[in-house]
Amino acid sequence: MANRISGGSALFLSCLGFLLLIHSCSGQIADLGGSVQRQQRHPLRFRSECRLENLHVLEPSRRIEAEAGYTELWDEKEEALTCAGSALTRHVIRRNGLFLPSYSNSAELMYVVQGRGLYGVTMPGCPETYQSDESQFRGRQGTSEREGVKRFFGDRHQKVREIREGDIVAQIPGTAFWIHNKGQSDLVLISVIYTSNEQNQLDQNIRKFFLAGNPQEGSQGGRRHRTRGSQQETKYGNVFQGFDDELLQETFDVESDLARKVKGEDDRRGHIVEVREELQIVHPMIEQGEGWEEREREREREREREMERGSSRRRGSSSQRQNGAEETLCTMRLRENIDNPERADYYNPRAGRITTLNSFSLPILSFLQLSAEKGVLYKDAVVAPSYYMNSHALIYVLRGNARVQIAGDNGQSVFDGKLQENQVLVVPQNFVVIKKAGSEGFEWVAFRTSDNAMKNNLAGRLSVIRGLPEDVLVNSYGISRDDARKLKYNREELTVFSPSSRSARGLRRDDAAN
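Residues numbered from 1 in each chain as written. Predicted model: local features only at pLDDT ≥ 70, side-chain atom pairs only at ≥ 80, totals over all residues. Heavy atoms only, no water.

1. Observations concerning the pattern of salt bridges
Working step 1: Scanning the model with the defined rule gives 29 salt bridges in all.
Working step 2: Residue Glu162 is joined to Arg116 by a salt bridge in which the shortest nitrogen-to-oxygen separation is 4.0 Å. Linking Glu162 in strand S11 (residues 160–164) with Arg116 in strand S6 (residues 116–122), this pair joins segments that are 46 residues apart in sequence.
Working step 3: Classification of Glu162 as buried rests on a relative accessible area of 16%. (Salt bridge = Lys/Arg side-chain N within 4 Å of Asp/Glu carboxyl O. Helix = DSSP H or I, 4+ residues; strand = E, 2+ residues; numbered from the N terminus. Buried < 20%, exposed > 50% of the residue type's maximum accessible area, 1.4 Å probe, protein only.)

2. Some details on the nonpolar core
Working step 1: Core analysis: the largest hydrophobic core is formed by 96 residues, its most contacted members being Leu109, Tyr111, Tyr119, Ile179, Ile190 and Ile406.
Working step 2: Here this core takes nine residues from strand S23 (residues 393–407), the largest share from any one element.
Working step 3: Each residue touching Leu109, except ones within four places of it in the same chain, is listed here: Ile168, Val169, Ala170, Ile190, Ser191, Val192, Leu365, Leu368, Leu370, Ser371, Ala372 and Phe447. (Core = buried A, V, L, I, M, F, W, Y, C linked by side-chain atoms within 4.5 Å. Contact = heavy atoms within 4.5 Å.)

3. Some thoughts on the packing of aromatic side chains
Working step 1: Counted by the stated rule, this structure contains seven aromatic pairs.
Working step 2: Note on Phe99 and Phe210: the rings are 5.9 Å apart at their centroids and 45 degrees apart in plane angle, and the pair reads as tilted. Remark: Phe210 occurs in strand S15 (residues 208–210) and Phe99 occurs in strand S4 (residues 97–104); sequence separation between them is 111 residues. Comparing Phe99 with Phe210 shows no difference in burial state: the two are buried.
Working step 3: Measuring from ring centre to ring centre gives 4.9 Å for Tyr103 and Phe209, while their planes differ by 5 degrees; the resulting arrangement is stacked. (Phe/Tyr/Trp six-rings, centres within 6.5 Å; stacked < 30°, edge-to-face > 60°.)

4. Some thoughts on the sheet that holds strand S3 (residues 86–93)
Working step 1: With respect to topology, seven strands assemble into an open sheet ordered S1-S2-S3-S14-S5-S12-S18, the strand pairing being antiparallel. The open sheet has two edge strands, strand S1 (62–66) and strand S18 (335–337), and neither has a second partner. Sheet twist, expressed as the average angle between the axes of neighbouring strands with direction ignored, equals 20 degrees.
Working step 2: Where strand S2 (residues 69–73) and S3 come together, five bridges link them in antiparallel fashion. Paired with Leu73 across the two strands is Thr89, which belongs to S3. (Pairing = 2+ DSSP bridges. Axes fitted to C-alpha atoms, helices over the stretch in contact; angles between N-to-C directions.)

5. Concerning the confidence of the model for the chain
Working step 1: In this model, the chain carries an average pLDDT of 78, and 69% of its residues clear a pLDDT of 70 or more.
Working step 2: Contacts from residues 1–48, a stretch scored under 50 in pLDDT, to residues over four places away or in other chains number 20 contacts. (pLDDT = per-residue confidence, 0-100.)

6. A few points about the pairing of S4
Working step 1: For S4, the tally of buried residues reaches six of eight residues, placing the bulk of the element in the interior.
Working step 2: In this sheet, strand S17 (residues 272–274) lies alongside S4 in antiparallel orientation, the contact comprising three bridges. In the sheet register, Leu98 faces S17, and the bridge partner there is Val273.
Working step 3: Of the strand pairs in this sheet, S4 and strand S13 (residues 176–181) are connected by three bridges, and their pairing is antiparallel. Looking at S13, one finds that Ser102 is bridged to Phe177.
Working step 4: Bridging between S4 and S15 involves three bridges; their strand directions are antiparallel. Looking at the pairing, Ser104 lines up with Lys208 of S15.

So, in structure tokens, the structure goes:
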């Protein structure tokens, strides 16, 4: 009897061990499959796709026209953009224009090049904290009939933010947003769509899901450089057009005519429509006066710091795992202005300034895995030769022009040319870049594919060369100790260099010759 029990137990344990082995193997296979899938979703990890022997300036390849503006798109099949796992668009919204509600499969970071407007985003599960009664809608309120009683009501919606020139605006994947131009001039935004963000489970294509209208593919315009496979056109559409009228009617509990209008199949206005009357939006009327915008932003940052401190205290007093960014997602800041000279991280009164924005100053960027940099160079000023240690950079020219050189790992120049307004240049990770402003100066914004991008300088104070011992320089370059000291200490500036005396003498000779 005991032997039979012992044998049965051994058989049971053997079977159990076999099942555990299968489970373990299946788990390893699943992990391997998940790893492969993650690699497939992030093609920038494949070195074969980064063909960087010859970089070139990128310009918009096509345009989508609309009633109250247009959108320009860069060719997402460009090898440099594919390597950076990014795509670029530029929106021009005319006065009283409304960019229709839409969402995307990828993280998006926008910079307001010009103008001012309203930006609304709907976070899933967040409350409608902006509300009004009927008196605020000037006779445009709706009506509701329930149990034979007719009453008027106002409006309720999620938070609306004002945006202005110099703002960086973060857009979370899958969250619907809209933009309205409330200013007197065009509202212009340049946008980087980071298709390699880990939140994107689809592919590297730009996918805009519109919730209204009937977006149409417009005419192509602008000079363009075509690459292999770049003939595919990006097409946008209203997602409600994919459903039956009857199903929409039942879903929203509305009449059939209204259901058809939601689908927008007869709408020919495009993705940016003109607002015929003043847009009635519930948002705070901010005080006016000198510096009011910056004071409001500082109060908003202080409120967020208080919430972060409270969240840290709760995490410290609890052993349970916290949910991180989602805890304050409804109230988290989505914009930050990087155009204010007082906020500059690097400043040289004779050369210019550089302002950086990362997840330490705008925490939502850690979710997007993106950061930004705004630079202003005066005439003939130079940015120290440098490289990004952990990211690519996409440089968009706002104003002026500059001569730019980029060197790669093979010791050869991969780009040597002039950058001008509305042009884009991709600087790959670890490739060294030098920028020298032209006679009109140079102003740019750079989007980096890391929420905490780190840059290393090769010249000037706090540079790699400055940190090397003199004897290392003497033996590395075969130079004298005096030359080694010149190489280390002739440039005392940090990042933004004023024109050198040699450059000034060269300019005077050129002017005399002309």
